[in-house]
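Observations on the three-dimensional arrangement
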Amino acid sequence: MAESADRPMRADARRNRARLLEAAVRAFSQDGPEVTLDAIAKDAGVGIGTLYRHFPTREALVEAAYRSELARLCGAVPELLRDRPPDEATRRWMDLFVDYMTTKRGMADALRAVIASGRNPYEQSRGQLIAAITTLLTAAGGAGTLRRDIEPADVLASLGGVSLTAGEPAQREQAGRLLDLLMDGLRYQAATV
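Residues numbered from 1 in each chain as written. Predicted model: local features only at pLDDT ≥ 70, side-chain atom pairs only at ≥ 80, totals over all residues. Heavy atoms only, no water.

The next point concerns the overall build of the protein. Within the protein, the secondary structure is distributed over nine helices and zero strands. Listing every helix and strand of the protein by position from the N terminus yields α-α-α-α-α-α-α-α-α. C-alpha atoms of the protein, sized along the principal axes, occupy 60 × 40 × 30 Å. Scored against the burial criterion, the 193 residues of the protein give a buried share of 41%. (Helix = DSSP H or I, 4+ residues; strand = E, 2+ residues; numbered from the N terminus. Buried < 20%, exposed > 50% of the residue type's maximum accessible area, 1.4 Å probe, protein only.)

Core analysis: the biggest nonpolar cluster contains 56 residues, and Phe 28, Ile 40, Leu 61, Trp 93, Phe 97, Leu 129 and Leu 159 have the highest contact counts within it. Elements with a contribution of two residues or more to this core: helix 1 (11-31), helix 2 (37-44), helix 4 (58-83), helix 5 (86-106), helix 6 (108-116), helix 7 (125-143), helix 8 (152-166) and helix 9 (172-187). Broken down by element, this core gets its largest block of residues, 12 residues, from helix 4. Apart from residues no more than four positions distant in its own chain, Phe 97 is found in contact with Leu 73, Leu 129, Leu 156, Leu 159, Gly 160 and Ser 163. (Core = buried A, V, L, I, M, F, W, Y, C linked by side-chain atoms within 4.5 Å. Contact = heavy atoms within 4.5 Å.)

This brings us to the packing of aromatic side chains. Tallying each qualifying case throughout the model produces four aromatic pairs. An angle of 80° between the planes, with centres 5.2 Å apart, marks the rings of Tyr 66 and Tyr 122 as edge-to-face. Taken together, the residues span a long stretch of sequence, with Tyr 66 in helix 4 and Tyr 122 in the loop between helix 6 and helix 7 at a distance of 56 residues. Here Tyr 66 falls in the buried class, since its relative accessible area comes to 2%. Look at Trp 93 and Phe 97: their rings are 5.9 Å apart centre to centre, the planes differ by 40°, and that puts the pair in the tilted class. Linking Trp 93 with Phe 97, this pair stays in helix 5, spanning four residues, or about one helical turn. Look at Trp 93 and you get buried, because its relative accessible area is 1%. Through successive ring pairs, a cluster of aromatic residues spans Tyr 66, Trp 93, Phe 97, Tyr 100 and Tyr 122. (Phe/Tyr/Trp six-rings, centres within 6.5 Å; stacked < 30°, edge-to-face > 60°.)

Turning our attention to helix 7. End to end, helix 7 covers 27 Å across 19 residues, agreeing with the expected 27 Å (1.5 Å per residue, within 8%). The complete set of buried residues in helix 7 reads Ser 125, Leu 129, Ala 132, Ile 133, Leu 136, Leu 137, Ala 140 and Gly 141. Each buried residue of helix 7 sits inside an arc of 160° when the element is viewed along its axis, so together they form one side. Across helix 7 from its buried face, at more than 90 degrees, point the exposed residues Thr 138 and Gly 142. Here the buried face of helix 7 lies against helix 4, helix 5 and helix 8. A positive backbone phi angle near 80° is found at Gly 144, which sits one or two residues after helix 7. (Expected span 1.5 Å × (residues − 1). Arc of directions from axis to C-beta.)

Turning our attention to helix 4. Taking 1.5 Å per residue, 26 residues should reach 38 Å; helix 4 reaches 37 Å between its end C-alpha atoms and fits that length. Largest kink in helix 4: about 30°, centred on Val 77, with the proline Pro 78 one to four residues after it. (Bend = angle between axes of the 7 residues up to and from the residue.)

Once that is clear, we can look at the side chain of Thr 103. Within the secondary structure, Thr 103 sits in helix 5. The class of Thr 103 is buried, set by a relative accessible area of 18%. Once you skip the residues sitting within four places of it in the chain, Thr 103 turns out to touch Val 25, Ser 29 and Glu 69.

Two measures define how a pair of helices packs: the angle their axes make with one another and the distance between the axes. Where helix 5 meets helix 8, the axes come as close as 10 Å, and the angle between the chain directions of the two elements is 55°. Put simply, helix 5 runs oblique to helix 8. In this structure, helix 5 crosses over helix 8, and the sense of that crossing is right-handed. For the pair helix 5 and helix 8, the contacting residues are Trp 93, Met 94, Phe 97, Val 98, Met 101 and Arg 105 in the first and Val 155, Leu 156, Leu 159, Gly 160, Val 162, Ser 163 and Leu 164 in the second. By residue class, the composition of the contact of helix 5 with helix 8 is 10 nonpolar, two polar and one charged. (Axes fitted to C-alpha atoms, helices over the stretch in contact; angles between N-to-C directions. Parallel < 35°, antiparallel > 145°, perpendicular 65-115°, else oblique. Left-handed = near helix turned anticlockwise from the far one by under 90°. Nonpolar A, V, L, I, M, F, W, Y, C, P; charged D, E, K, R; others polar.)

Following this line, the structure appears as structure tokens:
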């Protein structure tokens, strides 16, 4: 949306934008890239004009939906650490990561269209994910519940592997078991490393 740099977005506009992003994630994940923008606007409970005011192109909507999911995932870290012990927060975040990857997989065709248009929705993804993992590992290492010698990039690669192996909704139980195994490895000799 073309809001003035010195004027914040109105509360109703923020709500409409959030509803549009939620509807877009659902639609692109479930129905693929061919879902109509009218259907997304209708699902969000707004008119097509409102959608276009926020997202002038389909690619802008897809990219914003993807970035919104990434921000939601990375933004969950402070709350998880506030509400749970650090190792439990880390394990719960891993579940959220698998959910995020499942959504991303569902949006893959729509994201390819964004890339084909010359934009890179993944440009800052790795850095944001590494920062989230680093925060979790630092807290858990400081509490003595996870090893302190873990490379965040190794955890990210491991989570990516779990998502590739068991990232379909029907494989959620297997994904949980694999994440538990990963956590066992992160806990191994935590107090001595």
